[in-house]
Amino acid sequence: MAPRSKLILSSGVLAVGLAASAGPAGPFPPLGPFLDPLRGVWRVADSAQLPPSATAVIPDLDASVRVVYDDRSVPHIFASSVSDARRALGYVVARDRLFQMELQTRATAGTLTELLGETLLGADVRARRLSLARAAEQDFARLRDDPEVSRALYDYAEGVNTFVDALSPAERPFEYHLLGASPQRWEPVHSLYGLKRMGLTLTFNPTEVRKARVAALVGTEAADALFPVNRPIQEPVVPHRGARFVGTELPPPRDPDPAALGRMEAPFQERRAMDPLSEWSGPTSSVGSNNWAVAAERSASGNAILAGDPHLSLGLPSIWYEAHLVVPGVLDVYGVTLAGMPGIVIGFNRNVAWTFTNTAADVMDYYRERLDDPEAPERYLLDGGWTDLDTRVEEFRGRNGDLLATDTVRHSHRGPVLDVLGEPMSLRWTVLDGQNEVRALMGAQRALSVDRWLDAMSGWHAPVQNALVAGRDGRIAIQSAGYYPLRPRGARGDAFQDGTTGKTDWLGRWEGYPRSVDPAQGYLASANQQPFDPEAEDTYIGADWSQPWRALTINELLEGREDHRPEDLESYQTHPSSVRARTFRAAFLEAASRLRDGSRSYPEVDTAARLLAAWDGTYTPENEGAVLFEGTMAALEDALWDELEDEDGRRVATPGADIAWALLAQPGSPWWDDRDTPEVEDRDMLLGRALTAGLANAREAHGPEEGGGWAWGQVAHYNIYHLLGLPALSRLGLAATGGPGLLSPLVGRGTHGASWRMVVELGDEVTARGGFPGGQSGNPVSERYDDRLDRWLQGELDDLRFPRTEEDLRAGGWVQAELVLVGTER
């Protein structure tokens, strides 16, 4: 469909929806200006495609910069200085992603109401109380002592603002027309806002809140076992001695322990209903990631190969933007950047390639504070005396500048004081500490070897990441880069701390971070699992780690052959089976057999077992067994963890499937008993009931097993939403190529997944493939808005063009458009 026709159709759908009611982002302005034929949304089509050639002026350029867009719309920036390359990057990212940049900035700053209206007040209150923007501004002030990084932020801002300042009202991106708004200018500190926002996404995981809620229902001992410091299955990031299925004896549920929830000061209890933070009891999203690398001795070509796919929220546009920066003799780096970052975040140069996964370490602690006045506190008790709180009043304004609300935000010496489970607690969190990740990334982009890349990343602070690197010399290494808190002896971060004494404060930074360089096994892999095997290192650095199913799968694949090729690593990223499915499928079938032998069969259990036995354990789109298996797992989860339901029948937390695996060795454990039935169930009875319930649910939801409605691709879907949640501009109900516990994940509503896939082989010439679910452009009528989506759904990657010169691009026939950026005399 032509861009203008596509826009007419989308705008027509939007106009009808907006006329009927307010959209998901709140009330929109009148439709007249929006549909104005001269200055309205129709003009968006004019900028939908890149012109074959164009020129723009960036006043402070040292020399002209040539930006050559290849056939995938990736800008290759050829500049004479690093400053000019950063200015050009700011310009081209703003051209494609300006609204995205502003939206994420406002989400961090807590000013969404000024753009989207009062319905976003709750989100703004959360952001201001967490003080993310405040922390970014403090970091920015300290960067005056680091002129190189400070210059990088200013360079990038100059490029962004050159584009913003040149926009006429008619040329504004689509969303500004829709909202009747004008773009805000980009401040250098806004790049740091983006890093803080990523820190929130990846590390805001208050395990102690979740465990307190569980302990209040089944006791502290049981809560510690259900959400353990060490997983019952070990396949650590740092190689130890292979996978270990350790298991654990789960203590029975005890009587409820309401005291686990704390003091519950009355005024704070009353505020919970209106306090958005009161519901922040778990991770902000279902995030994860995979990365792995094989060294020269495990590669068919004798070259190191690296693969990575960070699992994050999926959206249109994608959070990633692809680019290539070239400054002869100084910089030659390709990869993806976050909109708003002055450089490449994940990628490669001519000597090294790198990628990240989230470590999921415990980098935040809650401290129970005693305040002088619960309703309007000014001081907190510390070591027998009263200490003043740092207090500031926040004002929240609407689209027209009107005052919507005020809020008082308080800080102890540890961090913001929040309402947590109805009582005041201060938050110590590495994301709010001083940090300089921009410098680390700048060094990583220029690193000439694995060792120098690791040295550059030693300055990384937060969020803690499993940083994987491979080199042209065939070497590989992984390092959990970041700040691990050193807590007082015996203290653990999965329990609330006493805030009335300074003896519970962090002592500094733990220096023994997880790391492996050139391991004997010849490969490395991380998938958010526990970094150390506790048998090798028992220092507390986290608890309730991600389940190890993906880690088990990728380690099996890497161990399974000696001569990996890039296409092998690419295929692993969408490998259709998992150890989780294999393990529990066997458990269900064995239980059905034992029930049959003991004459305790339940209705339809044999039918369900027969269907499950015929399943090959894969989650391909045409496969019909995964639906039954996942339904059975859900039924098992519901029955097994009934003790964790609150008085309203809602489960307060769900242990991992590996905890259920550990229970398989305790057939008579009271956890197997379903409290809603008069009889006392054991393991096999509950597994049998889960089989029959899974079969019944599959039939009810998808029809009979012979009807073809059980195909995984018809049932499991990705839902990739536009930034404002507008269905007409989203891509919904997409047949999934992944599933729970798979290397290509699918969880919840299908809104999270592999946000970028990349495979790089480092030989004399670097060869790379990659792709993300969307496109380079944020313009909904551009052919580059979602042009990569179909290939991503199929698990297919594109060749990444990594030319040394402009002439190489032309020789390959890959030039789509050219942009010349020129300066003015100073």
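The following refers to the structure shown. (Residues numbered from 1 in each chain as written. Predicted model: local features only at pLDDT ≥ 70, side-chain atom pairs only at ≥ 80, totals over all residues. Heavy atoms only, no water.)

## Here we look at the side chain of N466
At step 1: Secondary-structure assignment places N466 in strand β20 (residues 465-471).
At step 2: Setting aside residues up to four positions removed in sequence, N466 forms contacts with V237, N291, T355, F356, T357, N358, T359, I478, Q479, S480 and S526. (Helix = DSSP H or I, 4+ residues; strand = E, 2+ residues; numbered from the N terminus. Contact = heavy atoms within 4.5 Å.)

## Let's talk about the pairing of strand β30 (residues 757-762)
At step 1: Taking burial as the measure, the 6 residues of β30 include 6 buried ones, the bulk of the element.
At step 2: Side-chain alternation along β30 places R757, V759 and E761 on one buried face and M758, V760 and L762 on a second face that is also buried.
At step 3: Pairing between strand β7 (residues 304-313) and β30: 5 bridges, direction antiparallel. What sits directly across from A307, in β30, is V759.
At step 4: For β30 and strand β31 (residues 766-771), the ladder comprises 6 bridges, and the chain directions are antiparallel. Across the sheet, E761 pairs through a bridge with T767, a residue of β31. (Buried < 20%, exposed > 50% of the residue type's maximum accessible area, 1.4 Å probe, protein only. Pairing = 2+ DSSP bridges.)

## Notes on the pattern of salt bridges
At step 1: Summed over the entire model, instances satisfying the criterion amount to 75 salt bridges.
At step 2: We note a salt bridge from E114 to R106, for which the minimum N-O separation is 3.4 Å.
At step 3: Here E114 falls in the partly exposed class, since its relative accessible area comes to 32%.
At step 4: For R106, a relative accessible area of 10% gives the class buried. (Salt bridge = Lys/Arg side-chain N within 4 Å of Asp/Glu carboxyl O.)

## Some thoughts on helix α3 (residues 82-109)
At step 1: Relative to the 40 Å expected for 28 residues at 1.5 Å per residue, α3 spans just 29 Å between its end C-alpha atoms, considerably shorter than the ideal helical length.
At step 2: At R97, α3 shows its largest kink, close to 90°.
At step 3: Among the 28 residues in α3, 26 count as buried, and that is most of the element.
At step 4: Positive backbone phi, at 75°, marks G110, one or two positions downstream of α3. (Expected span 1.5 Å × (residues − 1). Bend = angle between axes of the 7 residues up to and from the residue.)

## Notes on the packing of helix α13 (residues 437-446) against helix α14 (residues 450-457)
At step 1: Look at α13 against α14: their axes get within 8 Å of each other, and the N-to-C directions meet at 170°. By the criterion of interaxial angle, the relationship of α13 to α14 is roughly antiparallel. Across the interface between the two elements, A440, G443 and A444 of α13 pack against W453, A456 and M457 of α14.
At step 2: A breakdown of the residues in the contact of α13 with α14 according to their chemical character gives 5 nonpolar, 1 polar and no charged. (Axes fitted to C-alpha atoms, helices over the stretch in contact; angles between N-to-C directions. Parallel < 35°, antiparallel > 145°, perpendicular 65-115°, else oblique. Nonpolar A, V, L, I, M, F, W, Y, C, P; charged D, E, K, R; others polar.)

## Side note on the environment of P603
At step 1: Take P603: it is sitting in the loop between α17 (579-597) and α18 (605-614).
At step 2: For the pair P603 and G688, spaced 85 residues apart in the sequence, the C-alpha separation amounts to 9.4 Å.

## Examining the sheet that holds strand β19 (residues 423-429)
At step 1: Taking strand neighbours across the sheet as the criterion, the 4 strands line up as β18-β19-β13-β23 in an open arrangement whose pairing is mixed. Single-partner strands in this sheet number two, and they are β18 (417-420) and β23 (497-498).
At step 2: The pairing of strand β13 (residues 364-368) with β19 spans 5 bridges and is antiparallel. Bridge pairing in β19 links D365 to R428.

## Quick notes on the environment of A300
At step 1: Position of A300 relative to the elements: it lies in the loop between β6 (288-294) and β7.
At step 2: Residues A300 and R565 lie 265 residues apart in sequence; the distance between their C-alpha atoms is 5.7 Å.
At step 3: In contact with A300, not counting residues within four places along its chain, are D563, H564 and R565.

## Details of α18
At step 1: Within the sequence span of α18, burial applies to V605, T607, A608, A609, L611 and L612.
At step 2: Residues of α18 that are buried sit in contact with α17, α19 (625-640) and α21 (683-702).

## Things to note about the nonpolar core
At step 1: In this structure, V92, F348, W453, F584, F588 and L821 are the most contacted members of the largest nonpolar core, which totals 186 residues.
At step 2: Here this core gets 14 residues from one element, more than from any other, and that element is α3.
At step 3: Setting aside residues up to four positions removed in sequence, W453 forms contacts with V352, W354, F356, A444, A447, A467, L468 and V469.
At step 4: Counting residues in hydrophobic clusters, the runner-up holds 28 residues, among them L200, V238, Y366 and Y484. (Core = buried A, V, L, I, M, F, W, Y, C linked by side-chain atoms within 4.5 Å.)

## Some remarks on unusual backbone geometry
At step 1: Along the chain, L316 connects to P317 via a cis peptide bond; the corresponding omega equals 0°.
At step 2: One can find P317 in the loop between β8 (315-316) and β9 (320-327).
At step 3: Cis rather than trans, the peptide bond between A462 and P463 has omega equal to -5°.
At step 4: At S73, a position not held by glycine, the phi torsion is positive, near 65°.
At step 5: Summarising the element assignment, S73 is placed in the loop between β2 (65-70) and β3 (75-78).
At step 6: Its identity as a non-glycine residue notwithstanding, D544 has a phi of 50°, on the positive side.
At step 7: By the secondary structure assignment, D544 is in the loop between β26 (523-526) and α15 (549-559).
At step 8: The exposure class of D544 is buried, given its relative accessible area of 16%.

## Some words on the packing of aromatic side chains
One pair of aromatic rings is described through two measures. These are the centre distance and the angle between the planes.
At step 1: Enumeration over the complete set of coordinates arrives at 23 aromatic pairs.
At step 2: Their ring planes at 85° and their centres at 5.0 Å tell us that F348 and F802 sit as a pair that is edge-to-face. With F348 in strand β11 (residues 346-348) and F802 in the loop between β32 (798-799) and α24 (806-811), this residue pair connects regions lying 454 residues apart in the sequence. The two residues F348 and F802 agree in class, both being buried.
At step 3: Following the ring pairs from residue to residue traces out a cluster consisting of F588, W615, Y619, F629 and W712.
At step 4: Here the guanidinium or amino end of R350 rests over the ring plane of F802, the centre of that ring lying 3.5 Å away. (Phe/Tyr/Trp six-rings, centres within 6.5 Å; stacked < 30°, edge-to-face > 60°. Lys NZ or Arg CZ within 6 Å of the ring centre and 35° of its normal.)

## A look at a negative patch on the surface
At step 1: Together, D373, E375, E378 and D388 make up a region of like negative charge exposed at the surface.
At step 2: Its place among the elements puts D373 in the loop between β13 and β14 (379-382). (Patch = residues over 30% accessible without salt bridge, like charges linked within 9 Å, V, L, I, M, F, W, Y side chains within 5 Å. Areas by Shrake-Rupley, 256 points an atom, 1.4 Å probe, with all protein chains shown as cover. Lys, Arg positive; Asp, Glu negative; His and termini not counted. Charge placed at Lys NZ, Arg CZ, Asp CG, Glu CD.)

## Examining the packing of α3 against helix α9 (residues 190-203)
At step 1: Contact geometry for α3 and α9: axes closest at 9 Å, N-to-C directions at 70°. On the basis of their axis angle, the class for α3 and α9 is roughly perpendicular. Once α3 is placed against α9, the crossing between them reads as left-handed. Seen from α3, the contacting residues are T105, A107, T108 and A109; seen from α9, they are H190, Y193, K196 and R197.
At step 2: Tallied by class, residues from the contact of α3 with α9 come to 3 nonpolar, 3 polar and 2 charged. (Left-handed = near helix turned anticlockwise from the far one by under 90°.)

## Points about the sheet that holds strand β21 (residues 476-481)
At step 1: The strand order β1-β33-β2-β3-β9-β10-β11-β12-β20-β21-β25 describes an open sheet built from 11 strands, whose pairing is mixed. Strand pairing shows two members of the sheet lacking a second neighbour, β1 (53-57) and β25 (515-517), which therefore form its edges. Averaged over all pairs of adjacent strands, the angle between strand axes in this sheet comes to 20°, irrespective of strand direction.
At step 2: Sheet analysis places β9 next to strand β10 (residues 331-338), joined by 8 bridges and oriented antiparallel. Considered in β10, the bridge of H324 is made with Y334.
At step 3: Across the sheet, α14 is in contact with β12 (352-358), β20, β21 and β25; its angle to β20 comes to roughly 160°.

## So, the side chain of R244
At step 1: Mapped onto the fold, R244 is located in strand β5 (residues 244-245).
At step 2: Look at R244 and you get buried, because its relative accessible area is 17%.
At step 3: When near neighbours in sequence (up to four residues on either side) are disregarded, R244 contacts P232, I233, Q234, D533 and E535.

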